[in-house]
Amino acid sequence: MASVASLLLCCALFWPALASAGVANAPGSNLEVSLITYGPGDTYWERFGHDAIELRDTVSGEAVTFNYGVFDFDESGFLLNFARGQMHYLMDAAPSDVDQHYYTEVGRSVTRQRLAFTAAQAADMRDYLLWNLQPENARYDYDYYVRNCATRVRDALDKALGGTLKPQLEARPGGMTYRQQTARLMSQQAWLMLILDLGLGPYADQPMNAWQEAFLPMELQREINHVTVNNAEGRAQPLVLDEQLLSPNRLDAPPATAPDLRLPLALAALLFAVLLLATYRFAPLLYALLGSLYLVLAGLVGVTLLILWTLTTHHSAWGNVNLLLFNPLAFFLLPALWRSRKRLSVSRFATGLIALQLLAVLVACLLHLLPGVVQQNQPWLLLALPVWLVMAWCMRRPQSVNASAA
């Protein structure tokens, strides 16, 4: 979620300077705690936004932001760990004006919400953040949905508030699922949105409460406006004392709702299916090339989904029923496809595979009729069904030549 890893100071270097700063030594009564929220950026890892906790010494005027969104491309095995779902992120800190200047320069919004912390809670927050900033404590295991820059900020706020934040947010329903929020925020990069949607399993379609949906910085910003806390006198008051837009958004804002992928993918499937039928009759070589492209892609997608499920800790990709639509068995249909180009009969093995694939598609469709089925993969059903039906018809059509099996 963070886009400023190269600009933020390394916590190991920043720690000695911070230790002698006003924020580190100020009494809790002088500390002002704020939630800083940065809007989405243009790069794919910036699309979910970012946030930080700001501590301000009201006497010296010093302000420091603490965030949990730093990653290091140069870390040993970073790409392999990324692929396996074992990413490591870091906590970092920097002067507030340094952070906010960067986001302002690139056109991302910056919002400050000043929070109603008692002096004791502010001191506890400061002590926890300074402890967390130490190099031996700064690293954590990252997960897109349950352990990211926003959830770590959310959890730190809840800890300092004595656990009053979590029950209030859990009592409020969330507005969308992980899948819908992901598609909404990635919609400006359609190719990536489609890849992510295809790879997400039923985990991403579970209903969420506001606590879970606060994995997004903007949702946390919105939801804490509904939270109340007790002040030093024991009286209830809103957690957010005031909200200030420090810098407006100058980039294209993400849509308010997730795009509906069903119609675009259904139309794409129908167009491809019609093209297959036409080329089967009038341009057999082109038919074989188009069919091969589909089968290779289906096989590669199946291998990827299988790896994500069995060999990684990407929990949101486990149990993906899109494996019924796209799977490695597609590779074994390539010889039958090329034989059908010449109207040659296919083997019993290929015939069985075709029947098995059609059965898998049927099962994927019927799953939506069963109670308790969560995964919302209707767009991919609409994409796969017409194409598999046409390919099965072309390969199993009564042949004009009886040749040996493929």
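Residues numbered from 1 in each chain as written. Predicted model: local features only at pLDDT ≥ 70, side-chain atom pairs only at ≥ 80, totals over all residues. Heavy atoms only, no water.

Overview of the pattern of salt bridges
Point 1. Within this structure, the stated rule accounts for 15 salt bridges.
Point 2. Note that R179 and D205 form a salt bridge whose closest N and O atoms lie 2.7 Å from each other. Remark: D205 occurs in the loop between α9 (190-199) and α10 (210-213) and R179 occurs in helix α8 (residues 178-186); sequence separation between them is 26 residues. Both residues of the pair, R179 and D205, count as buried.
Point 3. Of the charged contacts, one joins R222 and E219 as a salt bridge, the two residues approaching to 2.4 Å between their closest N and O atoms. With R222 and E219 both in helix α11 (residues 217-223) and three residues apart, the pair spans about one turn of that helix.
Point 4. Taking the relative accessible area as the measure of exposure, E219 reaches 10% and is therefore buried.
Point 5. In this structure, a network of salt bridges that share partners links the residues E32, E54, R56 and R112. (Salt bridge = Lys/Arg side-chain N within 4 Å of Asp/Glu carboxyl O. Helix = DSSP H or I, 4+ residues; strand = E, 2+ residues; numbered from the N terminus. Buried < 20%, exposed > 50% of the residue type's maximum accessible area, 1.4 Å probe, protein only.)

Structural notes on the environment of L308
Point 1. In this fold, L308 is placed in helix α13 (residues 284-310).
Point 2. A residue is classified by how much of its surface remains accessible, and L308, at 19% relative accessible area, is buried.
Point 3. For the pair L308 and G319, spaced 11 residues apart in the sequence, the C-alpha separation amounts to 9.4 Å.
Point 4. Apart from the residues within four sequence positions on either side, L308 is in contact with H314, A317 and W318. (Contact = heavy atoms within 4.5 Å.)

Comments concerning the layout of surface pockets
Point 1. If you add up the space inside the second largest pocket, you get close to 370 Å³.
Point 2. Looking at the second largest pocket, it is lined by 14 residues, and the ones nearest its centre are Y294, L297, F326, W380 and L383.
Point 3. Secondary-structure elements contributing two or more residues to the lining of the second largest pocket are α12 (262-282), α13 and α16 (378-396).
Point 4. Per-element tally for the lining of the second largest pocket: the top contributor is α13, with five residues.
Point 5. A breakdown of the residues in the lining of the second largest pocket according to their chemical character gives 14 nonpolar, no polar and no charged. (1 Å grid on protein atoms, 1.4 Å probe; cavity = no way out; pocket = protein on both sides within 12 Å on 5 of 7 lines; lining within 4 Å. Points joined across faces, edges and corners; volume = space filled by probe spheres on them. Nonpolar A, V, L, I, M, F, W, Y, C, P; charged D, E, K, R; others polar.)

As for the side chain of T182
Point 1. Within the secondary structure, T182 sits in helix α8.
Point 2. A relative accessible area of 4% places T182 in the buried class.
Point 3. A polar side-chain atom of T182 sits 2.7 Å from the main-chain carbonyl oxygen of Y178. (Polar contact = N/O pair within 3.5 Å; in protein donor to acceptor, adjacent residues only side chain to side chain.)

Side note on helix α15 (residues 348-366)
Point 1. An ideal rise of 1.5 Å per residue puts 27 Å on 19 residues; α15 measures up with 27 Å between its terminal C-alpha atoms.
Point 2. The complete set of buried residues in α15 reads A350, L353, I354, Q357, A360, V361 and A364. Projection of α15 onto a plane perpendicular to its axis shows the buried side chains occupying an angular sector of 120 degrees, all on one side.
Point 3. The secondary structure elements touched by the buried residues of α15 are α14 (334-341) and α16. (Expected span 1.5 Å × (residues − 1). Arc of directions from axis to C-beta.)

With respect to the packing of aromatic side chains
Point 1. Within the structure shown, the criterion is met by 18 aromatic pairs.
Point 2. Measuring from ring centre to ring centre gives 3.8 Å for Y89 and Y142, while their planes differ by 15 degrees; the resulting arrangement is stacked. Of the two residues, Y89 is situated in strand β4 (residues 87-95) and Y142 in strand β6 (residues 139-142); the sequence distance between them amounts to 53 residues.
Point 3. Residue classification places Y142 among the buried residues on the basis of a relative accessible area of 4%.
Point 4. Feature note: the residues F48, Y145, Y178, Y203 and F215 constitute an aromatic cluster, connected by ring pairs.
Point 5. Over the aromatic face of Y140 sits the side chain of R152, whose NZ or CZ is 4.4 Å from the ring centroid.
Point 6. Note that R343 overlies the ring of Y280, its terminal NZ or CZ placed 4.0 Å from the centroid. (Phe/Tyr/Trp six-rings, centres within 6.5 Å; stacked < 30°, edge-to-face > 60°. Lys NZ or Arg CZ within 6 Å of the ring centre and 35° of its normal.)

Section: the side chain of R108
Point 1. Within the fold, R108 resides in the loop between α4 (96-105) and β5 (110-115).
Point 2. Taking relative accessible area as the criterion, R108 reaches 1% and is therefore assigned buried.
Point 3. Separated by 2.6 Å, the side chain of R108 and the backbone oxygen of G39 make a polar contact.

Focus: the packing of α8 against α9
Point 1. At a minimum axis separation of 8 Å, α8 and α9 run at an interaxial angle of 165 degrees. On the basis of the axis angle, α8 is roughly antiparallel to α9. When the axes of α8 and α9 are compared, the crossing they make is right-handed. Of the residues in α9, those in contact with R179, T182, A183 and M186 of α8 are A190, L192, M193, L196 and D197.
Point 2. Its residues placed into classes, the contact of α8 with α9 shows six nonpolar, one polar and two charged. (Axes fitted to C-alpha atoms, helices over the stretch in contact; angles between N-to-C directions. Parallel < 35°, antiparallel > 145°, perpendicular 65-115°, else oblique. Left-handed = near helix turned anticlockwise from the far one by under 90°.)

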